[in-house]
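# Coordinates in review
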Amino acid sequence: MLAIAGIGHLVTNDPSLGDGPLGVIRDAAVVVGDDGLISWVGQSSEVENHTSTRPLDVGGRAVIPGFVDSHTHLVFAGDRASEFAARMAGEPYKAGGIRITMAATRAATNDQLVANARRLASEALASGTTTIEVKSGYGLSVVDEARSLEVARAVTDETTFLGAHVVPPDSDADAYVELVCGEMLGKCAPHSRWIDVFCDRGAFDVDQARTILMAGAKAGLGTRLHANQLQHGGGIALGVEMGVASCDHCTHVSDRDIEMLAGARATTVATLLPTAELCTRSPFPNARRLIDAGVTVALASDCNPGSSYTSSMPLVVALGVISMGMTCDEALWSATKGGAKALRRSDVGGISPEMRGDLVVLEAASHVHLAYRPGVSLVTAVVRSGKVMSGQLDFSS
Ligand code: NIG
Ligand code: FE
């Protein structure tokens, strides 16, 4: 059992528990039971009536739900620092760099891939990410995609089969789509919760994406899509039409795309990945436009060695606010509850009874500081399922 008291500003993401859209409680406390689930949330002065354990006092610091990073590519080997440097010297970003990482990934042992994925997942955890989705997509052969997903499973249950990242070199596109939908899907589905397709210029077109998502759905996988990252296209329309859980990137959106995402029957979240725009010097998506139209927006890191080599959700939140027109409340919500919705999860992304005991203590008076103090490491402790994963919680003395 874990009890945390002396919380100056607690973001619950449950408006019925506190003030405003984030349900903020001041002078708050949280109790997590031995099952790792939150058993009580309320005023610090009342905590002793709800626990038999000694409450740890965080000394007035802010506490937020653990970040839910619903989009990462952590299974790979090598890096692409020279491609990044060339880009910063004026080269454009192209999807083709994926093939460089493919070659390094195929040459790596399973142990090397697991070690790299664990290193990045630990880095993410230390910056407050308590739920993480991880994709395959740098194997691009039956054997290498299947082992990529086994590696992903070593770090998370939220695994995504992205055999359709790009067509590997020397392959025929139609034959590759057939392979992805057939033998590759058969070997990868047992290790996957989701299927994803990179539907964009230089990758797969709308018809190919539809075929692959339908095959994945038939095999029992949930569907999600990389859509409209590099150009205007039919990815978002396809995603909404198929009811995918999330269309990710949404860098280039038309009025029609927004109308579809906001439609009364739409069940698709728009997941924005601003560090990909930051690191490819691309225009940021206009989150304000999406939110004002009524679209559900999530924020995620897209951590990968090509377009966004960062696992930092605090940076993602700061960019959401500073560069994409989100309010501080909206960005925090999108990086926690929004991510949970993009993964169709109701047990994470908030701090209320019955939810998983995932929370982050900030060296700050409120969540506003995540954007107000960009680049400063404010995450001082991370708790997952009621266990302290990093930092310390007791500031009394
Ligand atoms: O989400 N867009 C496709 N995939 C990755 C980039 C992968 C890479 O460049 O290695 C992304 O940005
Ligand atoms: Fe991605």
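This one's a predicted model, so the numbers in the text were calculated from it and none came from an experiment.

What follows deals with the site of ligand 1. By nearness alone, 14 residues border ligand 1, and Ile98, Phe198, Asn304, Gly306 and Ser307 come closest of all. In terms of residue class, the shell around ligand 1 is made up of 4 nonpolar, 9 polar and 1 charged.

So, on to the nonpolar core. Grouped together as the largest cluster of nonpolar side chains are 128 residues, with contacts concentrated most on Ile4, Val30, Val63, Ala117 and Val317. When we break this core down by domain, the ones giving at least three residues each are domain 1 (2–65 + 350–391) and domain 2 (68–342). Ignoring anything within four residues of it in the chain, the contact list for Val317 reads Leu299, Ala331, Leu332, Ala335, Leu370 and Ala371.

Contact pair helix H4 (residues 142–155) / helix H5 (residues 173–188): the axes reach a minimum separation of 8 Å and the direction vectors enclose 25°. Considering their axes alone, H4 and H5 lie roughly parallel with respect to each other. Helix-helix and strand crossings are classified by hand; for H4 and H5 the assignment is right-handed. Between H4 and H5, the contacting residues are Val142, Glu145, Ala146 and Leu149 on the first element and Glu183, Met184, Lys187 and Cys188 on the second. Here the residues of the contact of H4 with H5 are counted per class, giving 5 nonpolar, no polar and 3 charged.

Let us now look at helix H6 (residues 206–218). Counted at 1.5 Å a residue, the expected span for H6 with its 13 residues is 18 Å, and the 18 Å between its end C-alpha atoms agrees. Within H6, the full set of buried residues consists of Gln208, Ala209, Ile212, Leu213, Ala215 and Gly216. Along the axis of H6, the buried residues cluster in a sector spanning 160°; they form a single face. Among the exposed residues of H6, those oriented more than 90 degrees off its buried face are Asp207 and Lys218. Taken together, the buried residues of H6 touch strand E8 (158–164), H5, strand E9 (194–199), strand E10 (222–223), strand E11 (225–227) and helix H7 (235–242).

Here we come to the confidence of the model for the protein. Mean pLDDT for the protein: 97, with 100% of residues reaching 70 or above. Taken element by element, the protein is modelled with least confidence in helix H1 (residues 81–88), mean pLDDT 94, and with most confidence in strand E6 (residues 67–69), mean pLDDT 99.

Take the environment of Ala146 next. Tracing the sequence through the fold places Ala146 in helix H4. Residue Ala146 is classed as buried on the basis of its C-beta count, with 23 C-beta atoms lying within 10 Å. Ignoring anything within four residues of it in the chain, the contact list for Ala146 reads Lys187, Cys188 and His191.

Right, let's get into the domain arrangement of the protein. Where interface size is given, it is often the accessible area lost as the parts come together that is meant. Per the domain assignment, the segments making up the protein are domain 1 (2–65 + 350–391) and domain 2 (68–342). One C-alpha centre belongs to domain 1, the other to domain 2, and the line joining them spans 30 Å. Listed as interface residues are 21 residues of domain 1 and, on the opposing side, 18 residues of domain 2. For the side of domain 1 that touches domain 2, the secondary structure elements donating two or more residues are strand E5 (62–65), helix H13 (369–372), strand E16 (379–384) and strand E17 (387–391). Of all the elements, E16 adds the most residues to the side of domain 1 that touches domain 2, at 3 residues. Residue composition of the side of domain 1 that touches domain 2, by class: 14 nonpolar, 5 polar and 2 charged.

Quick notes on the rules
- Note that residues are indexed from 1 along each chain, following the sequence as it is written.
- To label them, take the chains in the order written and letter them from A, then take the ligands in the order written and number them from 1.
- For a predicted model such as this one, the threshold for reporting local features is a pLDDT of at least 70, and the threshold for listing and counting side-chain atom pairs is 80 or more; totals across whole chains, interfaces and linings nevertheless cover every residue.
- Placing a C-beta atom from the backbone of each residue, we mark the residue near a molecule or strand if the atom is within 6 Å of it.
- Amino acids are sorted into nonpolar (Ala, Val, Leu, Ile, Met, Phe, Trp, Tyr, Cys and Pro), charged (Asp, Glu, Lys and Arg) and polar (every other residue, Gly among them).
- The term nonpolar core refers to a group of buried residues, namely Ala, Val, Leu, Ile, Met, Phe, Trp, Tyr and Cys, whose C-beta atoms join them within 7 Å.
- Partly exposed residues are those whose C-beta has more than 12 but fewer than 20 other C-beta atoms within 10 Å; with 20 or more the residue is buried, with 12 or fewer it is exposed, and the C-beta atoms are placed from the backbone.
- Domain start and stop points were drawn from an automatic or database domain assignment.
- Each residue is represented by a C-beta atom placed from its backbone, and any two residues with such atoms within 7 Å are regarded as in contact.
- Lines fitted to the C-alpha atoms define the axes, with helices restricted to the stretch that makes contact. Angles between their N-to-C directions range from 0 to 180 degrees.
- By definition, any uninterrupted DSSP run of H or I lasting at least four residues is a helix, any uninterrupted run of E lasting at least two residues is a strand, and each is numbered from the N terminus.
- We call two directions roughly parallel when the angle between them is under 35 degrees, roughly antiparallel when it is over 145, roughly perpendicular when it lies between 65 and 115, and oblique otherwise.
- Crossing handedness: left-handed means the near helix sits turned counterclockwise from the far one by under a right angle, and right-handed means the same turn made clockwise.
- How far a helix is expected to stretch is found by multiplying one less than its residue total by 1.5 Å.
- By definition, the arc is the one covered by directions from the helix axis to the C-beta atoms.
- Confidence of the predictor at the level of single residues is captured by pLDDT, which takes values from 0 to 100.

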